[in-house]
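One-letter residues, chain by chain:
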Amino acid sequence: MEINRYKMKLLVCAAISLFGCSDGWLDTKPLSIYTPENSYVDAAGFESALGACMRNIVSEFYGDGAPIVTEMIQSDICVDGTTNKTGPQQDMDQALLPSAKLTGTDYTQVGWFWTYTYNVVKYCNTVISRIDDIEWQNPEDRNHILGSAFFHRAYRYYRAVHQFGNVPFLDEELTEPKTDYYSSDRWSILERLYSDMEFAYKWVRVEAERGKVNKDACGVLLMKICMSLGKFDRAIEIGNEIVANHPLMTERFTSNKNKTRTNLMHDLHSVEAKLDMSNTEGIFYTSSYPDIDGSVRIYTMRCGVPSWNTGGQGTITPDGKTGTAWNVSAIADDVREDPDLDINRVYGRGTGKARPTNYFQYEIWGEKEKNDLRGVYNRDSWRRTEDLKYNNPDLKKSGNSWYRKNLQKNANISVNDSIMCWFQWPHYKLFVPEKETVTQWYGGETPWYIYRSAEVYLMLGECYYWKDMKTQAAEMLNVVRTRAGADPLTAADINIGEILNERARELYYEELRHVELVRIAYTYAKFGKTCEVFNRTYSLENFSGPGGIGANVKEPGVNFWWDWVMSKNNFYREHITTSWYTYQISVHHVLWPIPEEAIVSNVNGVINQNIGYPGAEKNAELLTVAPVSPQIEGY
């Protein structure tokens, strides 16, 4: 019944989202019949606007080259592995310029994050500004709606201040075009978000339909904001409240438990688990459901799986024949006998867009992770190109002896093909079945975790790390580790590196990895704690480097983000070169460029460009955001 209720809601949200999104980052366009005067007359009207906000959250995770992939690529765990074309974000010195193409499946989604931040903020501010335009019979309803709007605004700005740094802060409804924006200090933005989210955590309801904001989702976001501001005691208090409500799933609990080569991790990350109302671990989900109009496909099997069907050297047989095919209808009898021959359905038709680094594939899986269900030692959970079989029907037709044998890595494989075609991946997390009518499996319709309690435990562990309480930090990490079968850590094991390792093991393709690395970089810079991994102390001064157009500084010690990425991402560190680009990244890429269009169109104000990019020499003094939203007063 709950899922059926989404049919109309998803259609309404899709309609609002369609009319509300535009190429102009702050364009104000009428929403047809969905004007404020017609919509915000009762609680249902406000809920519709919040539905559009939720629909835009869905867009972060779904589709080919989804925005989350950009976040993964700007970090330690992945690079863009599509080496058969120009455009992908591999040489960041070229790809990340204010005037570059910053939005596109074959490029980057940096510009998407900028545009969608302000699209959603417009919806939120209309709700917030008009919250008292109607007479609320129940103040709790008013505060639930207001708190939900605060959540969506804070959700976007939390990302923005870690992706773009100092950005314009909008806190009122736009009723006419505005071209006089100025950038606000990121720290004051975070303080406002903290105040708003304390209100939201108090008033947003505990119970909510899947895909809507609830109290504990507000709590997770509030924790992240607290950690950004150094309010670790408050974050710990909130985290303990959340995990008390959301125990981890420690026993098998879906129909997948009857399938071969599956385990608890397959259960936890299956479509069935995300639909299962007994799943206590899930806190906040996207709303995309199988067979529901308006739902979209996740595409994890396209982005995160090797490109085994490109026709390059990666998947040819040792005797030089084309080894693989996605359409295997000609060998249907063999597929019934050996389902693994249908690589398309078993693993998906991948492109290698999110190509894992050696750090994620090998380095974080040590002796203590030998029995880890999430790790590479578990060949049910992880798969590799060698697990695939030569399935080209032409091989069978010609009697080729390699037919149905496992793929062999060509000794002369090119760098391009090696990057795109030859790696291992966490199958348990990326596999999402498609509808039978879909011919090429990319990853189908499914809810997706945005927040779950496993991350809350890891956040608690990190809070204890910042407080130099390493025994307690180990205890928090071990809750997650022991559930997965890994050996426990001791206080002596705890440093920021081990915390990040554990986040990578647990939250691949869930967390916005770049955002969290930058948050940690800012924390080191602001509070002066020595990073034991590099034995360095960082500073907010010159956080993005000394600046200068085209400086592209590549020296250690400026910020933690660059030091960590360069130490863990072998592609950027070793400057691996393909036919098109050399993988490289610079210190100032810790923050992304503000799109040139946003700055140029703001003719009566100044939106600051980040240090290291062209235009930063024109920056103006930052504004300071007031610490409390007016709508909170009296409540």
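Our subject is the structure that appears above.
Rules behind the numbers
Residues numbered from 1 in each chain as written. Predicted model: local features only at pLDDT ≥ 70, side-chain atom pairs only at ≥ 80, totals over all residues. Heavy atoms only, no water. Helix = DSSP H or I, 4+ residues; strand = E, 2+ residues; numbered from the N terminus. Buried < 20%, exposed > 50% of the residue type's maximum accessible area, 1.4 Å probe, protein only. Contact = heavy atoms within 4.5 Å. Axes fitted to C-alpha atoms, helices over the stretch in contact; angles between N-to-C directions. Parallel < 35°, antiparallel > 145°, perpendicular 65-115°, else oblique. Left-handed = near helix turned anticlockwise from the far one by under 90°. Nonpolar A, V, L, I, M, F, W, Y, C, P; charged D, E, K, R; others polar. Phe/Tyr/Trp six-rings, centres within 6.5 Å; stacked < 30°, edge-to-face > 60°. Lys NZ or Arg CZ within 6 Å of the ring centre and 35° of its normal.

J.: Whenever I open this one, unusual backbone geometry confuses me. Can you help?
T.: A negative phi angle is the norm for most residues apart from glycine, just as the trans form is the norm for most peptide bonds. You will see that Tyr299, though not glycine, has its phi angle at about 65°, which is positive. Positive phi, normally seen in glycine, also occurs at Asn535, with a value near 55°. Assignment of secondary structure puts Asn535 in the loop between helix 23 (513-527) and helix 24 (560-568). Relative accessible area serves as the criterion here: at 63%, Asn535 is assigned to the exposed category.

J.: For this particular structure, what's the right way to read the side chain of Asn478?
T.: Mapped onto the fold, Asn478 is located in helix 21 (residues 470-484). Judged by its relative accessible area of 12%, Asn478 falls in the buried class. Ignoring sequence-local partners within four residues, the contact set of Asn478 consists of Pro488 and Leu489.

J.: Looking at this structure, I do not really get the packing of helix 20 (residues 453-466) against helix 23. What am I missing?
T.: Two quantities define a packed helix pair, namely the angle between the axes and the distance from one axis to the other. Taken N-terminus to C-terminus, the directions of helix 20 and helix 23 make an angle of 15°; their axes are 13 Å apart at the nearest point. Classed by the angle they form, the pair helix 20 and helix 23 counts as roughly parallel. Judged by the twist between their axes, the crossing of helix 20 over helix 23 is right-handed. Here Glu462, Tyr465 and Trp466 of helix 20 come into contact with helix 23, specifically with Arg519, Ile520, Thr523 and Tyr524. Residues that form the contact of helix 20 with helix 23 fall into these classes: four nonpolar, one polar and two charged.

J.: I keep staring at the packing of aromatic side chains and nothing clicks. Help me out?
T.: In this description, a pair of aromatic rings is defined by centroid distance and the angle of the planes. In total, this model carries 38 aromatic pairs according to the counting rule given. Among the aromatic side chains, those forming a connected cluster through ring pairs are Phe232, Tyr359, Tyr465, Trp466, Tyr524, Phe527, Phe534, Tyr538, Phe560 and Trp564. A cation over an aromatic ring shows up here: Lys529 above the ring of Tyr465, its NZ or CZ 4.8 Å from the ring centre.

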